[in-house]
Structures are given as structure tokens and as C-alpha cells.
Amino acid sequence: MQANDLDIDFYNLGFELIHTEWMYISDYKDNKWDNGELISFGSIEISPAANILSYGQGIFEGMKALRSKNNQIMLFRPMENAKRFNKSANRVAMPYIDENKFLSAVKKVVLANKRFIPPYDSGGALYIRPMMIGSGPMLGVAPAKEFKMIIFCSPVGPYFSTGFKGIDLLISKKYTRSSQGGTGFSKMCGNYAGTMKPAIEAKKQGYAQVIYLDSVHMKYINEVGAANFCAIINGKLVTPKLDGTILEGITLKSVLELTKKKLDMKVEERNIFYEELFDKNCTEAFCTGTAAVITPIGSITYGNNTRIYNNKQPGEITAKLYDLLTGIQRMDIKDVYNWIEILE
Ligand code: PLP
Ligand code: COI
């Protein structure tokens, strides 16, 4: 283990909050953002009538800063997060924030907290959580007039405690996470509150997470908790069509590109009937996300039916994609796509 002056075991991290030293805060008032500043990580004061508290007017992002083998610090496609932040903000009537300002604030937080970035060989990352909340007081259901943008970070290890091993998932017959015309495509805070009880119920039965179906037919795959879904069916990578009910994952977008360009495989973005996942032509399944990276799916259960994939080991294509993606993210493989932004 690399010596550090922090009481953190970087080699055994999970996905729990570890306080760091600095966070960023910027206030929106009188229709404009202030310059923003780094302050010590700690509590903030807001009115009990703040819009975020009653009406959930809030959005967030998830990003990671990584260290390369030669100790550089980098971000993965950070401009995509900045753009998505504004897309989410727009859906819940929150103000636009200049994407370069977003990016520069993220970089400041990372560099101010660089002691907390886990070393390359730990496999960990500094997880960055930018958010915007309706902080202004409001009694009626209408947008706040004041907002706060906050960015904090925490060193993390794998999102699923099993790491790069097949997880067991349960298709929910009861709950959905988003619907047509709703907010499912955005990272609005409220989207996540509704998924907590289904996840607790699934975990009680021994599953790592829930696979949600579409809310109209309860037939087509939507997402896995807070990650996108992919399967290998008839030798093609198949993923649910982004129909407004699914978050447009940056990891997913990168995986689709790697599948086409590096594995020379076909990609299909279409409705996936859950029964297809129980067919022998479906040979692998995995989920993608900043937190989840690429997590292989070991089994999928619907009612009394369970399908086990590859003895719960990562499938061949899943493993190839994982090596390619994490190789680029950790700068072990040449970044021909310009996805990496080196901070120092
Ligand atoms: N789906 C949901 C609901 C998420 O919260 C996330 C995480 O950000 C993802 C998918 C994966 O998106 P990304 O790969 O951009 O992290
Ligand atoms: C992410 O993958 O960054 C997420 O936002 C997922 C989750 C931790 C909410």
C-alpha cells in the first residue's frame, strides 16, 4: 500500500462517502451566477422552504477523476457531463450554467482534493458529484428564484461490492422508474428516491439491483438501477432505445462506439422484450455507468425463472469491452477518441 497521510485505505474502498477537504459552491441570484469559490467541505444553510426540500427541484452528475500509471490526473469525457447537466436543468426549470464554468469548477475541486485520488494500482477513483438545487424559498409549486451549484467529491472503489463479477438482478414486475414525457432521461434527484424501496426489497431477496421495465407495457427493458443495460443477442450488442425514459449514459455511448469501432460488432438500439434475455441466443448481459463502469450480469430473474450467464463469470465480449474502456480511462491504451482530459 502506498503511504499517505490520510487515514484512508485506498485499496479497500467501497462506494461510501469519505469526506474530502474542499468543495465548490456558486450561487444564482437575480438571474445570474456569481463567480463561485472553493470552500471547506461542510454543511450549508438553506431555508426550510427551499424548493429542493418540498418539491425536489434538484439535479446532479456523477464523474470520476483517475490517476494514470505515471501519476497523471485525468477526467473522462467531462464536457459530456456538463452538457447533460444543462439538459437536466432545463427539464426541471433550473438555470443554464456555462459549460466551461462547470468544467473549470470540477477541475478546481479535483486539484484541491488531489491527495484523495486513489493511486493507479488500487483501481479506485475520486468520484465527483456536481449538483444544482433550488435553494430559494417557495410555497407554491413553481421554480425557485435562487439556486446553488455545489461540487463535492469522495474517493471510491467499485459500486457493486463484488467488483468485476457477475451480479444477480431481479426484473421488477411491480415498480417502474420513468415514463414517457417524464424526467427519466435527466439526472433529476427525484428519479432516484423512487428506486430505493425496490432496491431494498430486491436486496432482501439476495439480488444486487433491480432491472426496470417500460411503464406502458411492463415488457421492455429500461435500466438497471442507476446504470444502462446491454446484452449480447445473436452476436450483436443490443441496448434499449433512448426514448426519453432512459438516461443517456456517457459510459454507454463510449461502449457503443468501442463495440462498433474496436470489436467490429453490430449495435442495435431497440426495444428489448425481457423474454429475449432468457433465450439461448442471449449469451451475455452487463450494465454500464460512471459508478458501475462495466459490471457483468451473472443472472437475471423474472418471477420463478432465472437465467444464469457464463456461470456468473464475465462474458468474453463484456471482458473485452471492460479492458478497452478502463484501458482508455486509465491511460493504459492510447486515447484515439480524445475522451481523456489531463488535468496535470
Ligand atoms: N442510468 C442512470 C439512471 C444513472 O443514474 C446513470 C449514472 O449516471 C447511468 C445510467 C449511467 O450514466 P453514465 O454512464 O453517464 O454515468
Ligand atoms: C453514476 O454512475 O455516476 C451515478 O450517478 C449513479 C449513482 C451512484 C446514482
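Residues numbered from 1 in each chain as written. Chains lettered and ligands numbered in written order. Predicted model: local features only at pLDDT ≥ 70, side-chain atom pairs only at ≥ 80, totals over all residues. Heavy atoms only, no water.

Describing the domain arrangement of the chain
Phase 1 of the analysis: Along its sequence, the chain is organised into domain 1 (3-156) and domain 2 (167-329).
Phase 2 of the analysis: Here the C-alpha centroids of domain 1 and domain 2 sit 26 Å apart.
Phase 3 of the analysis: Across the boundary between the two partners, domain 1 contributes 22 residues, which contact 20 residues of domain 2.
Phase 4 of the analysis: Summed over both partners, the interface of domain 1 with domain 2 buries about 1900 Å², with 62% contributed by carbon and sulfur atoms.
Phase 5 of the analysis: Sorting the residues of domain 1 by area buried against domain 2 places Phe60, Phe76 and Arg84 first, and these three jointly supply 32% of that buried surface.
Phase 6 of the analysis: On the surface where domain 1 and domain 2 come into contact, there are 2 salt bridges.
Phase 7 of the analysis: Glutamate 248 is paired through a salt bridge with lysine 87; the nearest N and O atoms lie 3.4 Å apart.
Phase 8 of the analysis: At the boundary of domain 1 with domain 2, the tally comes to 10 residue pairs in polar contact (both at pLDDT 80 or more).
Phase 9 of the analysis: Mapped onto the side of domain 1 that touches domain 2, the elements with two or more residues apiece are β4 (58-60), β5 (63-67), β6 (73-76) and α2 (78-91).
Phase 10 of the analysis: With 6 residues, the top contributor of residues to the side of domain 1 that touches domain 2 is α2. (Domains from an automatic or database assignment. Contact = heavy atoms within 4.5 Å. Buried area = accessible area lost by both parts, 1.4 Å probe. Salt bridge = Lys/Arg side-chain N within 4 Å of Asp/Glu carboxyl O. Polar contact = N/O pair within 3.5 Å; in protein donor to acceptor, adjacent residues only side chain to side chain. Helix = DSSP H or I, 4+ residues; strand = E, 2+ residues; numbered from the N terminus.)

Overview of the site of ligand 1
Phase 1 of the analysis: If you check the shell around ligand 1, you find 16 residues, and the closest are Lys187, Tyr192, Glu223, Thr251 and Thr290.
Phase 2 of the analysis: Glutamate 223 is positioned with one of its side-chain polar atoms (N or O) 2.4 Å from a nitrogen atom of ligand 1.
Phase 3 of the analysis: Here isoleucine 250 contributes a backbone N or O atom positioned 2.7 Å from an oxygen atom of ligand 1.
Phase 4 of the analysis: Considering ligand 1 on its own, with 380 Å² of exposed area, one finds that the protein chains cover 96% of that surface.
Phase 5 of the analysis: Where the shell around ligand 1 is concerned, the elements lending two or more residues are α6 (250-261) and β15 (282-289). (Near = heavy atom within 4 Å. Areas by Shrake-Rupley, 256 points an atom, 1.4 Å probe, with all protein chains shown as cover.)

Notes on the pairing of strand β9 (residues 167-171)
Phase 1 of the analysis: Most of β9 is tucked away, with 5 of its 5 residues classed as buried.
Phase 2 of the analysis: Going residue by residue along β9, you find Ile167, Leu169 and Ile171 tucked away on one face and Asp168 and Leu170 tucked away on the opposite face as well.
Phase 3 of the analysis: Note that β9 and strand β16 (residues 293-302) share 4 bridges and pair parallel. Looking at the pairing, aspartate 168 lines up with serine 299 of β16.
Phase 4 of the analysis: Across 3 bridges, β9 lies against strand β10 (residues 209-213) in parallel orientation. The partner of leucine 170 across the bridge, within β10, is valine 210. (Buried < 20%, exposed > 50% of the residue type's maximum accessible area, 1.4 Å probe, protein only. Pairing = 2+ DSSP bridges.)

With respect to the packing of aromatic side chains
Phase 1 of the analysis: Per the counting criterion, the structure on display carries 14 aromatic pairs.
Phase 2 of the analysis: Between the aromatic rings of phenylalanine 15 and tyrosine 159, the centroid separation amounts to 4.8 Å while the plane-to-plane angle is 90°, which identifies the pairing as edge-to-face. A residue pair is termed long-range when its members are at least 10 positions apart, and phenylalanine 15 in the segment before β1 (22-29) and tyrosine 159 in the loop between β8 (147-156) and β9 qualify at 144 residues.
Phase 3 of the analysis: Ring centres 4.0 Å apart and planes at 25° place the aromatic pair tyrosine 274 and tyrosine 302 in the stacked group. In this pair, tyrosine 274 is assigned in the loop between β14 (267-269) and β15 and tyrosine 302 in strand β16, connecting sequence segments 28 residues apart.
Phase 4 of the analysis: The exposure class assigned to tyrosine 274 is buried, which follows from its relative accessible area of 11%.
Phase 5 of the analysis: For tyrosine 302, a relative accessible area of 19% gives the class buried.
Phase 6 of the analysis: Ring-pair connections join several aromatic residues into one group, and the members of that group are Phe15, Tyr127, Tyr159 and Phe160. (Phe/Tyr/Trp six-rings, centres within 6.5 Å; stacked < 30°, edge-to-face > 60°.)

Looking at the site of ligand 2
Phase 1 of the analysis: Around ligand 2, the structure places Phe15, Phe60, Gly62, Tyr127, Arg129, Tyr159, Lys187, Ala226, Thr290 and Ala291.
Phase 2 of the analysis: Take tyrosine 127: an N or O atom from its side chain is 2.5 Å from an oxygen atom of ligand 2.
Phase 3 of the analysis: One of the backbone nitrogen or oxygen atoms of threonine 290 is found 3.4 Å away from an oxygen atom of ligand 2.
Phase 4 of the analysis: Protein chains bury 89% of the 280 Å² of accessible surface belonging to ligand 2 in isolation.
Phase 5 of the analysis: Taken atom by atom, the bulk of ligand 2 overlaps the largest pocket.
Phase 6 of the analysis: Taken together, the residues of the shell around ligand 2 sort by class into 6 nonpolar, 2 polar and 2 charged.
Phase 7 of the analysis: Both domain 1 (3-156) and domain 2 (167-329) contribute no fewer than three residues apiece to the shell around ligand 2. (1 Å grid on protein atoms, 1.4 Å probe; cavity = no way out; pocket = protein on both sides within 12 Å on 5 of 7 lines; lining within 4 Å. Sits in = over half its atoms within 2 Å of the grid points. Nonpolar A, V, L, I, M, F, W, Y, C, P; charged D, E, K, R; others polar.)

Concerning the layout of surface pockets
Regions of empty space are outlined by a rolling probe, equal in size to a water molecule, passed over the atoms.
Phase 1 of the analysis: The volume enclosed by the largest pocket comes to roughly 1000 Å³.
Phase 2 of the analysis: For the largest pocket, the lining is made up of 43 residues, of which Phe15, Tyr159, Tyr192, Gln209 and Ala226 are closest to its centre.
Phase 3 of the analysis: For the lining of the largest pocket, the secondary-structure elements that each account for two or more residues are β4, β7 (125-134), β9, α4 (190-193), α5 (196-204), α6 and β15.
Phase 4 of the analysis: Broken down by element, the residue count for the lining of the largest pocket peaks at 4 residues, all from α5.
Phase 5 of the analysis: The residue inventory of the lining of the largest pocket, partitioned by class, reads 21 nonpolar, 15 polar and 7 charged.
Phase 6 of the analysis: Three or more residues apiece are contributed to the lining of the largest pocket by two domains, here domain 1 (3-156) and domain 2 (167-329).
Phase 7 of the analysis: Roughly 560 Å³ of internal volume is contained in the second largest pocket.
Phase 8 of the analysis: Around the second largest pocket sit 36 residues that line it, and Lys64, Gly123, Ala291, Val293 and Arg330 are the ones nearest its centre. (Points joined across faces, edges and corners; volume = space filled by probe spheres on them.)

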